Amino acid sequence: MTDEHGPGRATAEFREVYGTEPGGVWAAPGRVNLIGEHTDYNDGFVMPLALPHTCLAAASPRTDGVLRLHSGDVPGGVVELRVEELSPVAGGAGGGDRGGWAAYPAGVVWALREAGLLTGRAGGADLHFASTVPTGAGLSSSAALEVVTATALNDLYGLGLTPPRIAQLCQRAENAFVGVPCGIMDQMASACCTEGHALFLDARDLTQRQVPLDLAAEGLRLLVVDTRVKHELGDGAYASRRAACEAAARALGVRALRDVPFDGLDATLAELERLGCDAATLRRVRHVVTEDRRVEEVIERLDAGDARSIGPVLTAGHASCRDDFEISCDELDLVVETGCAAGALGARMTGGGFGGSAIVLVAEGDAEAVGKAVTEAFGAAGHRAPRIFPAVPSAGARRL
């Protein structure tokens, strides 16, 4: 991390905003998901890796119960709130504006207080944020903002929270305070990933395994293609996909779709049809069950030291997201189709869908040609030029 985007910059900006030195600087990364889309809230398997792009927080504690929030990346001044007045009803930026960026760190403070971790006037803080995680790209900029807030307060107040517990509290903040029904993957990735590894996470019991992912050693590169589009359909559609999955699980009498065995998928779909579920619900179920199996396939191939062979599994995952879960879009499909036609080993959309980013697995020597082909295809289609960069498995949240 260059000092242009490092702790020196964050410290200087904190000093400029608040007139004092911060108590420290913390970082939490964005993430890209290698495989396992929309499986986390179905108690399934996911496999994200942390990006080198981070959200930094320079922070100091306060003893008067005042929370002051400032971002170097969003126009506007300091947002000032009172910790004891934070509530999901009031929203994060005051006045019911739950859509503002400040809802995410304010929600974390609320979740810590609700959990009994911040009492009395404790929990106030001055925080300044500076982020290199692209926003709107499906790379979990919001989770990075949440996790860096919780990590800083954990250290400043000596709360003794483990990274998985930090992730759980941040998910609680986003679900109950911000009002986004996300699963646990993004926060776990930001809090728990380690450098040089992908995180194999069981979203049901939060057991995890760090899986070595040294693509360069196999002559490979994983490209992130930020399409730089976000279709508004994504907001309500995410909630509707989750509701359909939960309804199907209830109809089947199982805790979550994770409990539907891959080998019994056809029988399960026939049973759901008999119970009156519509065709769209059947497709949602098929995606979740087959996607869990794809995560297991990728693990098996990585454990065997054969990262090259995961390419077709990634591409199959994209087809499932596109056709069964119906969360892709023209721009994401164009990345996958063009990348594979130009020689990529595999590609898929990553994140919640309806825009954002795709990942493309390429041989090192083909990376430039594949990136050029995708950029030219976007130009020919009249789209903005995509932003393309390598995904390097990086460290999770930490104090700098």
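Cut-offs and rules
Residues numbered from 1 in each chain as written. Predicted model: local features only at pLDDT ≥ 70, side-chain atom pairs only at ≥ 80, totals over all residues. Heavy atoms only, no water. Helix = DSSP H or I, 4+ residues; strand = E, 2+ residues; numbered from the N terminus. Rg over C-alpha atoms; globule rule 2.2 N^0.38 Å. Contact = heavy atoms within 4.5 Å. Areas by Shrake-Rupley, 256 points an atom, 1.4 Å probe, with all protein chains shown as cover. Lys, Arg positive; Asp, Glu negative; His and termini not counted. Charge placed at Lys NZ, Arg CZ, Asp CG, Glu CD. Axes fitted to C-alpha atoms, helices over the stretch in contact; angles between N-to-C directions. Parallel < 35°, antiparallel > 145°, perpendicular 65-115°, else oblique. Left-handed = near helix turned anticlockwise from the far one by under 90°. Core = buried A, V, L, I, M, F, W, Y, C linked by side-chain atoms within 4.5 Å. Buried < 20%, exposed > 50% of the residue type's maximum accessible area, 1.4 Å probe, protein only. Salt bridge = Lys/Arg side-chain N within 4 Å of Asp/Glu carboxyl O. Pairing = 2+ DSSP bridges. Polar contact = N/O pair within 3.5 Å; in protein donor to acceptor, adjacent residues only side chain to side chain. UniProt positions renumbered as here; feature names shortened; annotations may be inferred.

## A few points about the overall build of the protein chain
Step number 1: The secondary structure content of the protein chain amounts to eleven helices and twelve strands.
Step number 2: A compact globule built from 400 residues should have a C-alpha radius of gyration of about 21 Å, and the protein chain, at 21 Å, falls within 12% of that.
Step number 3: By principal-axis analysis of the C-alpha atoms, the protein chain measures approximately 60 × 50 × 40 Å.
Step number 4: Across the protein chain, contacts joining residues at least 24 apart in sequence account for 72% of those joining residues at least 6 apart.
Step number 5: Of the roughly 15,300 Å² that the protein chain leaves accessible, carbon and sulfur atoms contribute 50%.
Step number 6: For the protein chain, the distance from the average site of its 36 positive side-chain charges to the average site of its 53 negative ones is 3 Å.

## Some words on the packing of helix α2 (residues 103-114) against helix α4 (residues 163-178)
Step number 1: Two numbers describe how α2 lies on α4: the axes approach to 8 Å, and their chain directions differ by 110°. As judged from the angle between their axes, α2 and α4 are roughly perpendicular. Note on packing geometry: the crossing formed by α2 with α4 is right-handed. Across the interface between the two elements, Ala-103, Tyr-104, Ala-106, Gly-107, Val-108, Trp-110, Ala-111, Leu-112 and Glu-114 from α2 touch Leu-169, Cys-170, Arg-172, Ala-173, Glu-174, Ala-176, Phe-177 and Val-178 from α4.

## A word on the nonpolar core
Step number 1: In this structure, Leu-34, Met-47, Leu-67, Leu-69, Phe-129 and Leu-302 are the most contacted members of the largest nonpolar core, which totals 84 residues.
Step number 2: No other element matches strand β2 (residues 45-62), which puts nine residues into this core.
Step number 3: One finds Leu-282, Val-289, Cys-321 and Cys-329 within the second-largest nonpolar core, a separate group that totals 38 residues.

## What to know about the pattern of salt bridges
Step number 1: Taken as a whole and judged by the stated rule, the model has 28 salt bridges.
Step number 2: We note a salt bridge from Glu-21 to Arg-15, for which the minimum N-O separation is 2.4 Å.
Step number 3: Here Glu-21 falls in the partly exposed class, since its relative accessible area comes to 47%.
Step number 4: Residue classification places Arg-15 among the partly exposed positions, given a relative accessible area of 38%.

## Quick look at the sheet that holds strand β8 (residues 220-230)
For sheets, the rule is that strands pair by backbone hydrogen bonds, running either parallel or antiparallel.
Step number 1: Taken in spatial order, the four strands make up an open sheet running β9-β10-β8-β11, and their pairing is antiparallel. At either margin of the open sheet sits one strand with a lone partner, and together these are β9 (346-350) and β11 (387-390). Neighbouring strand axes in the sheet, compared pairwise and without regard to direction, differ in orientation by 20° on average.
Step number 2: Where β8 lies against strand β10 (residues 355-363), eight bridges are found, and the strand directions are antiparallel.

## Some words on the environment of Gln-171
Step number 1: Looking at where Gln-171 falls in the secondary structure, it is placed in helix α4.
Step number 2: With 15 residues separating them along the chain, Gln-171 and Asp-186 place their C-alpha atoms 8.5 Å apart.
Step number 3: Leave out the neighbours within four places in its chain, and Gln-171 touches Cys-182, Gly-183, Ile-184 and Gln-187.
Step number 4: Side-chain polar atoms of Gln-171 contact the backbone oxygen of Cys-182, separated by 3.2 Å.

## Examining the UniProt feature "binding site: Mg(2+)" (unreviewed entry) in the protein chain
Step number 1: As recorded in UniProt, the sites labelled "binding site: Mg(2+)" (unreviewed entry) are Ser-142 and Glu-174. Maximum C-alpha separation among the annotated residues is 8.8 Å over a sequence range of 33 residues, consistent with a single clustered spot.
Step number 2: Tracing the sequence through the fold places Ser-142 in helix α3 (residues 141-156).
Step number 3: Ser-142 gets classed as partly exposed once you look at its relative accessible area, which sits at 22%.
Step number 4: Examined against the element boundaries, Glu-174 turns out to sit in helix α4.
Step number 5: The residues contacting Glu-174, other than those within four sequence positions of it, are Tyr-104, Ser-142, Glu-146, Gly-179, Val-180, Cys-182 and Gln-187.

## Structural notes on the UniProt feature "binding site: substrate" (unreviewed entry) in the protein chain
Step number 1: Cross-referencing UniProt, the feature "binding site: substrate" (unreviewed entry) maps to Glu-37, His-38, Thr-39, Asp-40 and Tyr-238 in the present numbering. With the annotated positions falling across 202 residues, the maximum pairwise C-alpha distance of 12.9 Å places them together in a single cluster.
Step number 2: Of note, Thr-39 is situated in the loop between β1 (24-35) and β2.
Step number 3: Here Thr-39 falls in the buried class, since its relative accessible area comes to 0%.
Step number 4: Not counting residues up to four positions away in its chain, the partners in contact with Thr-39 are Gly-44, Phe-45, Val-46, Val-288, Glu-291 and Asp-292.
Step number 5: Here Tyr-238 lies in helix α6 (residues 234-252).
Step number 6: Sequence-distant contacts of Tyr-238, defined by excluding residues within four places in its chain, comprise His-38, Tyr-41, Pro-181, Cys-182 and Gly-183.
Step number 7: Within the structure, Tyr-238 has its side chain in polar contact with the backbone nitrogen of Gly-183 (distance 3.5 Å).

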